[in-house]
Amino acid sequence: MRPIHYSFFFPLSTTISILMILSIETGAQSIVFEDFSQGQWNSTSWFGDSSNFQIINQQLVLKDSLAASSCLYHPSAAMAFARWEYHGKLDFNPSSSNYLEISLALDHPNPDSVYFSYFIRIGGNSEDQLRFYRQDLNEQVLLLSSNSDLLDRDPLNFHLLVLRDSLHRWSVFTDTGAFNQWQALGTIVDSNHRFSIASGFSCNYTKTRSSHFYLDSLRISGRPVADVQAPKLIDLLLDSNRLKMTFNEKLAAPATNAQFSSEPPIALQGFSWHRSNPKELSLLLDSLPKANQAYKLYLSGVYDLFGNDFSDSLNLLRRVVETGDIRINELMPDPSPKVDPNPNSFPEVEYLELVNTSALAIELLGFKIRVGNREYPLPKTTVEPEEFIILSAANSLALWPSAIKVLPLEWSSSALNNSSAAIALISPEGLVIDELIYSDSWYNEPNKAEGGWSLERVDVNSNCANEKNWAPSQDPSGGSPGRQNSIAGDYHDSIMPQLLYYELPSVRSLALHFDRSLNVLAQNLQVWENLQIDSIVLANEAKVWTLYFNSDLQVGDLYQLRLGEPIFDCNGAALVMDTIIFGLALKPEQGDIRISEILFNPFPDGSDFVELKNLSANFIDLADLSLGIWNQENDLLTNIAPISFQHRILAPGTLVALTEDIVALKRDYSLALNSVHEVAELPSLADQGVALALIRNDFEVLDRIVVEDDFHFPLLGDQEGVSLYRLDFSQNAINSAQWQSTARIHNFATPGWEVTLNENHSSSNWFPDPEYLSPNNDGYNDFIRLNYNLASSAWVQVYIYDRYGNLVKDICHGEQVPERGNFIWKGLNNANELCPRGVYIAVLSYLNPNGKNGYYRCSFVLSQ
């Protein structure tokens, strides 16, 4: 196709300006009529390929000599009460290469720049149809077409009439004969385009048809669409620093006086608009608006095609959902059997509850819920602040009461595993908003773990998603979907996180086991002795960190691991961890490790324990050790039980207590959890005593002991719950002189603790103020303040004894306290009775986080 030359009457820029002025003069009736009877044009506003047309014998005739396309256009805003009428002849049978196109309404005077239009095509198809099209960008939409073979004539005399009323109804009439009467082609309502800037026609031809187009007359009349409504904003989308505004109608190019401002201020780089998408206007902001900051935007000088001004204020909020803004609040992994028979309660199906804990509404479209390795997209819905929403299988939606807001998910009816599963809520940006790994052990109530009861979160404002912040529902119906949890409250754990133990799974890895979930990065940890951390893998709810090194550990070398940056648990408590000295374990020899304490007659529902002490200068791997019953008569071992299936390392000089039930042991005694190891099975320990052997896995005996109930202190009385601790580590301990009953002051057992035989009487560490009390309610010395001064925060016990050693008051039992403080005693015993006058002794025993323990005592007088 040859280039089109706009050489008729006006320069192009002037023509476009005139057309724009004409297009917005609403209400004016415009008429373009040409019949060429005077041998000239009636209007001087035609533009296009005028040099290719001539008026001959009262007809407009195409006069060209090459294959091309020639067009003529006239300014026209006619779109209401509009009429287009053409009469002419094609001196050939129209084809796909030779046809006439009549443009009724164009959005641009340059046909190569037209994006939106309506036009009639006479020919141009193999069915010889006359067709009516709408152009949307690069797409041509067929609106009406004639019967086939309507145009199968040579020559073709055509008569065309198109009408459009104020209701956007198009009617097309045609006649291809002697023009006796109009034949209706069809009627259609279409209002996609309501604006016109020009109208005209285009001849498309081969060389042999370049002078065979004839036009007898044409008429274009009508008015612009009457539009006095300002454009309306229907969508606002922030994409990085581009604010996309979508309106309900096409806009004109932004005026030079367009203005933008905002509160708080945001700098504007400029406007972005293009005719190919005229309903969209973009504001190019100088910077990205702050997350979750409300802005008020003011915009003016933006017009639609009819000159109506959009001047309004807009609310902008770059909503960024952050971790914790939505919480997983309730789970029903095992809904059967149903607890509440009431049919109006919630159905017997799995569900998961979310709650919006933020101060702003959250749109869930684009979010995903991940259960195990499968992800499920959330449907479009908005969750208001503090609103609850239930996620359940789509096929169960009809079973839920209408009062409960439920989102249907395309998951199976058994998506939530009854025993355990990892669940995470993920934002459209890929951020984990909330996550947990639930377990049926969280129920702590065997009957509820059998099914029909939900697990509820205690405190939605806590970052902790562990078993301490979850519990079974206490609601009589078995759950509380769609409303506040039955156990809702505050959760705060003041105990500092601690390292329980470490193991060496391989010669190139170190696994640290903690008492709670902790998130760690490589830069938080520092390793010495020519060793570097390649990677860290978290497991068991981030309670286990496995560090992989860049090279193998060497036998005999010692390595150090220290904390660099602080590491915090979900409550913000910092991990206190001394430098860990570790290295490859060596095979222990006889006497390197001994049994140091044993409890064989526990309290009812209590647990036995056997304590080991590493007396060597080497690391010992508990996986290399076993315990067995020693038959003294034939020197045989039976009932052999491995100590550990993990490569837990026992450092030089340290203790570890072995028990089958840490929970039961912790209930009865103060425990340093980093010095306790739960075993699958201990050898059977009789209440009357036992003979044990500690052996290597190659059956080399490392230690033998014998303990009997008569080894206890003769005046002890009840031996139940009292351990024996070892006095002699130089040889096998097989007689009573080598064992001692653990004293009352040590709570009768010290599993994992070193028994301290030397007292510390330092008055600066533990002293009374005043040194006597007279609790007679006279306002003078009615109580005594027991002040302590420790080296660091520690777990403590405080007891008051009379001068005969009888326990009269249990003040503090295994609590963690700061390094300095005091306790108050008002002279009352455990029965809340006033103690008699006399001398009393206050004893404070302590265990600090690095495992150091001891106790202090002080005396004072009670008078009345």
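Small disclaimer: the values here were computed from a predicted structure and weren't measured.

Observations regarding the pattern of salt bridges
Under the counting rule described, the total for this entry stands at 31 salt bridges. The closest approach of N and O atoms between K613 and E754, which form a salt bridge, is 3.2 Å. With K613 in strand β43 (residues 609-614) and E754 in the loop between β53 (739-741) and β54 (766-769), the pair connects residues that are 141 residues apart, well separated along the chain. According to the relative accessible area criterion, E754 is partly exposed, its value standing at 34%.

Quick word on the state of the cysteines
For the structure on display, the rule yields one disulfide. Here C464 is linked by a disulfide to C570, with a sulfur-sulfur distance of 1.7 Å. The disulfide joining C464 to C570 has a torsion of about 95 degrees about its S-S bond and is therefore right-handed. With C464 in the loop between β33 (455-457) and β34 (470-472) and C570 in the loop between β40 (559-563) and β41 (580-582), this residue pair connects regions lying 106 residues apart in the sequence. Judged by relative accessible area, which is 0%, C464 ranks as buried. Of all cysteine sulfurs in the structure, the one in C203 sits closest to C71, which takes part in no disulfide; the separation is 8.9 Å. Between C858, a free cysteine, and C812, which holds the nearest cysteine sulfur, the sulfur-to-sulfur gap is 14 Å. Exposure remark for C858: the relative accessible area of 9% places this residue in the buried category.

What about the sheet that holds strand β35 (residues 499-506)?
Taken in spatial order, the four strands of this open sheet run β35-β36-β39-β38, and their pairing is antiparallel. Unpaired on one side and paired on the other, β35 and β38 (533-539) mark the two borders of the sheet. Neighbouring strand axes in the sheet, compared pairwise and without regard to direction, differ in orientation by 20 degrees on average. Sheet topology note: the strand β36 (residues 509-514)/strand β39 (residues 544-549) ladder contains five bridges and is antiparallel. Residue pairing in the sheet places A511 in a bridge with T546 of β39.

So, a negative patch on the surface
Together, E660, D661, E678 and E681 give the surface a local cluster of negative charge. With respect to the helices and strands, E660 occurs in the loop between β48 (655-659) and α3 (662-668).

Things to note about the pairing of β48
For β48, the tally of buried residues reaches five of five residues, placing the bulk of the element in the interior. Neither face of β48 is exposed, since L655, A657 and T659 on one face and V656 and L658 on the opposite face are all buried. Bridge count between β43 and β48: five bridges; the pairing is antiparallel. Opposite V610, over in β48, you have L658 as the bridge partner.

Re the sheet that holds β54
If you trace the three strands from one edge of the open sheet to the other, you get β54-β56-β59, paired in antiparallel fashion. Each end of this open sheet is capped by a strand with a single partner; those strands are β54 and β59 (820-825). In this sheet, neighbouring strand axes are inclined to one another by 25 degrees on average, regardless of whether the strands run parallel or antiparallel. The pairing of β54 with strand β56 (residues 784-789) spans four bridges and is antiparallel.

Some thoughts on the packing of aromatic side chains
One pair of aromatic rings is described through two measures. These are the centre distance and the angle between the planes. Counted according to the given criterion, the structure contains 29 aromatic pairs. Between Y351 and W400 the ring centres are 5.5 Å apart and the planes differ by 80 degrees, which places this aromatic pair in the edge-to-face class. Taken together, the positions of Y351 in strand β24 (residues 351-356) and W400 in the loop between β29 (388-393) and β30 (406-409) put the pair 49 residues apart, joining distant regions of the chain. You'll find Y351 and W400 in the same group, each marked buried. Put simply, the rings of F36, W41, W46, F53, Y86 and F201 pair up and form one aromatic cluster. The ring of Y214 is capped by K89, whose NZ or CZ atom sits 4.9 Å from the centre of that ring. The aromatic ring of F729 is capped on one face by K613, whose charged end is 5.5 Å from the ring centroid.

Observations regarding the confidence of the model for the protein
Counting all residues, the mean pLDDT for the protein is 88, and 94% of those residues have values of 70 or more. Segment residues 1-27: pLDDT under 50, and 56 contacts once partners within four positions in sequence are set aside and those in other chains are kept. Here residues 757-762 is a poorly scored stretch, pLDDT under 50, and it has seven contacts once near neighbours within four places are set aside; other chains count.

Some remarks on a nonpolar patch on the surface
A surface patch of nonpolar side chains, about 360 Å² in accessible area, is lined by Y772, Y780, V839 and V861. Structurally, the position occupied by Y772 is in strand β55 (residues 772-773). Exposure remark for Y772: the relative accessible area of 36% places this residue in the partly exposed category.

Re the environment of P278
Looking at the element boundaries, P278 is found in the loop between β19 (268-272) and β20 (280-285). Each C-alpha atom, one on P278 and one on N308, is 15 Å from the other, the two residues being 30 residues apart in sequence. With residues near it in sequence (within four places) discarded, P278 still touches F116, E249, K250, L251 and W273.

A short note on the side chain of D703
Summarising the element assignment, D703 is placed in strand β51 (residues 701-708). In this structure the side chain of D703 is engaged in a polar contact, spanning 2.7 Å, whose partner is the side chain of R726. Residues contacting D703, with those up to four places away along its chain left out, are I593, R594, I595, L692, A693, L694, R726 and N732.

Conventions adopted
- Residues numbered from 1 in each chain as written.
- Predicted model: local features only at pLDDT ≥ 70, side-chain atom pairs only at ≥ 80, totals over all residues.
- Heavy atoms only, no water.
- Salt bridge = Lys/Arg side-chain N within 4 Å of Asp/Glu carboxyl O.
- Helix = DSSP H or I, 4+ residues; strand = E, 2+ residues; numbered from the N terminus.
- Buried < 20%, exposed > 50% of the residue type's maximum accessible area, 1.4 Å probe, protein only.
- Disulfide = S-S within 2.5 Å.
- Pairing = 2+ DSSP bridges.
- Axes fitted to C-alpha atoms, helices over the stretch in contact; angles between N-to-C directions.
- Patch = residues over 30% accessible without salt bridge, like charges linked within 9 Å, V, L, I, M, F, W, Y side chains within 5 Å.
- Areas by Shrake-Rupley, 256 points an atom, 1.4 Å probe, with all protein chains shown as cover.
- Lys, Arg positive; Asp, Glu negative; His and termini not counted.
- Charge placed at Lys NZ, Arg CZ, Asp CG, Glu CD.
- Phe/Tyr/Trp six-rings, centres within 6.5 Å; stacked < 30°, edge-to-face > 60°.
- Lys NZ or Arg CZ within 6 Å of the ring centre and 35° of its normal.
- pLDDT = per-residue confidence, 0-100.
- Contact = heavy atoms within 4.5 Å.
- Polar contact = N/O pair within 3.5 Å; in protein donor to acceptor, adjacent residues only side chain to side chain.

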